[in-house]
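# Observations on the model geometry
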Amino acid sequence: MLYRILILLRKKVLLPEQVRALARLAHEQDKYEQITNDWQKVKDIAAEAKERMKSELDVADVLRLYCLIRCNALPVDQTSRNAPLGTAIDLGAAMLNHNCEPNIVIIFNSIRVEVRAINNLKAGEELLHCYRDIAYDCTFRNPRIAARYQFKCQCDRCIRESDRHYAGVSPDIEDPIMPILATQGDLFAIIEKAKLRALSLFNPFDVSPFLAEIDELTEEGYAGRRWPDDLEPLPIALKSLAALCERQGDIINTIKIRVKALAFAKYRNNLPYSEDLVDFVVSLRSFTMYPHRKVLLDGPLPKFKEFQDFCVGHMCALHALMARFYGEQGRVTRIVREIMHDEMDRYQGPRPPTRAFRRKFKASHETILKWAGVDVKSWIVELS
Ligand SMILES: [Zn+2]
């Protein structure tokens, strides 16, 4: 992005007011210089960019621009894509402050940046955006926010999460954070190990040893206590295992493990969760579209009709979430709506969102959560 902005400046493509607005954004260069281990490398990047882009700016100005991009660029993300499209600086969105419990999401609706409320806002209430890693806990999220944006978040959520780590720890443990970080690392290592195993051509991928390893690790991995279900990277580890099962065509384990991962997810009003819901609905549909296909049964399954109620209900929930983020006529919402109608056309039960459907969905939802080994209260879906 640095190179691109230098070209735009050299070719005088940016409007004067855009250049002035860019210059007003925070660059936090002093703080970045203090915390980085290799400031010389950062200076070299700026010097090389000036040289290669034949910029008329001084190296010091290019360096400031680089720092400014680091702390103001947003990932251009869009639900239903697997990776960010890139990064962008939006002069309005760059002015929003951070909070780990945001009241807005920033979305890219085709080519427009849109800021959408996820709560009811009071007049005059500050718009707050979570800069990154919203699903993660403060021990993981805060070092990354500090490294990128040069501040330490101390919002209510950070304080609550930190308090939870210290509550009820055995007096023998001086600092619970180190063992918690160690378990985090071990959970990420299981994901990597499972990926390597799934890539192996010689043996069929069996997910059960990895699930057993996670169970064993989480038993006392929270500084001597049981690792909380909603604490990342446990839900992420389960999602990763589900994705590997899906690649192997193991649809039953894909759904079962994904139900567990989504039931464990804590923050459901955000884009990463909507991505997970898309993956979930895709795997559910790949099951409900082929009622007669042979599947390997792992214990008694819920009835096929219950999976259909479950799938239609979650399609409706996904559509409602997309409409909130992208608007009724947003491109992503329209795609989801089309698939939802297709699913509903094949569905024989009562029409959503009638009371009869909601009752049926609730019962099937509970059956499937129990089958996945999850407390039914951990994932309550209100359809409207
Ligand atoms: Zn915070």
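- By the naming in an unreviewed UniProt entry, the protein chain is N-lysine methyltransferase SMYD2, taken from Trichoderma asperellum.

## Digging into the pairing of strand β4 (residues 104-109)
- Of all the 6 residues making up β4, 6 are buried; the element is thus mostly covered by neighbouring parts of the structure.
- Neither face of β4 is left uncovered, since the one carrying I104, I106 and F108 and the one carrying V105, I107 and N109 both have all their residues buried.
- Here β4 hands over to strand β5 (residues 112-117) after 2 residues, with S110 in that stretch at a positive phi of 60 degrees.

## Remarks on the coordination of the zinc ion
- C100 (SG), C153 (SG), C155 (SG) and C158 (SG) make up the full set of protein donors to the zinc ion, lying at 2.2 to 2.3 Å.
- Geometry at the zinc ion is tetrahedral, judged from the 4 donor atoms that bind it and their angles of 103 to 115 degrees at the metal.
- Between the donor residues of the zinc ion, the gaps in sequence give the motif C-x52-C-x1-C-x2-C. Highlighted residues: C100 in the loop between β3 (97-98) and β4 and C155 in the loop between α6 (138-149) and α7 (156-166), separated in sequence by 55 residues.
- A residue is classified by how much of its surface remains accessible, and C100, at 0% relative accessible area, is buried.
- Under the relative-accessibility criterion, C155 is labelled buried at 9%.

## Focus: the pattern of salt bridges
- This model, assessed by the stated rule, comprises 21 salt bridges.
- Here K12 and E56 are joined by a salt bridge, their closest N and O atoms 3.9 Å apart. In this pair, K12 is assigned in the loop between α1 (2-10) and α2 (16-24) and E56 in the loop between α4 (39-52) and α5 (59-72), connecting sequence segments 44 residues apart.
- Judged by its relative accessible area of 63%, E56 is exposed.
- When the shortest N-O distance is used, the salt bridge between R285 and E343 registers 2.6 Å. Of this pair, R285 sits in helix α12 (residues 271-288) while E343 sits in helix α14 (residues 331-345), placing them 58 residues apart in sequence.

What counts, and at which threshold
Residues numbered from 1 in each chain as written. Predicted model: local features only at pLDDT ≥ 70, side-chain atom pairs only at ≥ 80, totals over all residues. Heavy atoms only, no water. Buried < 20%, exposed > 50% of the residue type's maximum accessible area, 1.4 Å probe, protein only. Helix = DSSP H or I, 4+ residues; strand = E, 2+ residues; numbered from the N terminus. Pairing = 2+ DSSP bridges. Donors = N, O, S within 2.8 Å, 3.2 Å for Na, K, Ca; no water. Tetrahedral: all angles 85-135°; square planar, octahedral: opposite > 155°, others 65-115°. Salt bridge = Lys/Arg side-chain N within 4 Å of Asp/Glu carboxyl O.

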